[in-house]
Amino acid sequence: MTLLVNGEQHDLEVTTLKEVVTHFGLQEGLVVTEVNGTIIDRSEWIDTEVKEGMKIELVHFVGGG
């Protein structure tokens, strides 16, 4: 299915938001997700089904100094 992730179209074979995060290889504890303008709590990722055309924003925090 085609999803808009961080402003870019991606064709992904996923069914849940958790699978989207995993697909991009992001560390779950450092990611905030937003779907169609709503922030989704990490505990809800596995139950959040993704559908064609959804707009998903993934914000990955990076430490450094």
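In the block above lies the structure referred to throughout.
Residues numbered from 1 in each chain as written. Predicted model: local features only at pLDDT ≥ 70, side-chain atom pairs only at ≥ 80, totals over all residues. Heavy atoms only, no water.

## Let's talk about the pairing of strand β3 (residues 31-35)
Part 1 of the argument: Of the two faces of β3, only the one carrying V31, T33 and V35 is buried; V32 and E34 on the other face are not.
Part 2 of the argument: Pairing of β3 with strand β5 (residues 55-60) involves five bridges; the strand directions are antiparallel. Within β5, the position partnered with V32 by the bridge is V59.
Part 3 of the argument: The turn linking β3 back onto strand β4 (residues 38-40) is made up of two residues, and N36 within it adopts a positive phi angle of 50°. (Buried < 20%, exposed > 50% of the residue type's maximum accessible area, 1.4 Å probe, protein only. Helix = DSSP H or I, 4+ residues; strand = E, 2+ residues; numbered from the N terminus. Pairing = 2+ DSSP bridges.)

## Considering the nonpolar core
Burial of nonpolar side chains together is a common tendency in soluble globular proteins.
Part 1 of the argument: Counting 15 residues, the largest nonpolar core has L3, L17, V20, V50 and I56 as the members making the most contacts within it.
Part 2 of the argument: Mapped onto this core, the elements with two or more residues apiece are β1 (2-5), α1 (17-23), β3 and β5.
Part 3 of the argument: With three residues, the top contributor of residues to this core is α1.
Part 4 of the argument: Excluding anything up to four places from it in sequence, V50 contacts M1, L3, V14, T15, T16, L17, V20 and I56. (Core = buried A, V, L, I, M, F, W, Y, C linked by side-chain atoms within 4.5 Å. Contact = heavy atoms within 4.5 Å.)

## Here we look at the pattern of salt bridges
Part 1 of the argument: Enumeration according to the criterion identifies one salt bridge in this entry.
Part 2 of the argument: Note that E28 and K18 form a salt bridge whose closest N and O atoms lie 2.4 Å from each other. Highlighted residues: E28 in the loop between α1 and β3 and K18 in helix α1, separated in sequence by ten residues.
Part 3 of the argument: Residue K18 is classed as partly exposed on the basis of its relative accessible area of 27%. (Salt bridge = Lys/Arg side-chain N within 4 Å of Asp/Glu carboxyl O.)

Interpretation in functional terms is not warranted from these geometric data alone.
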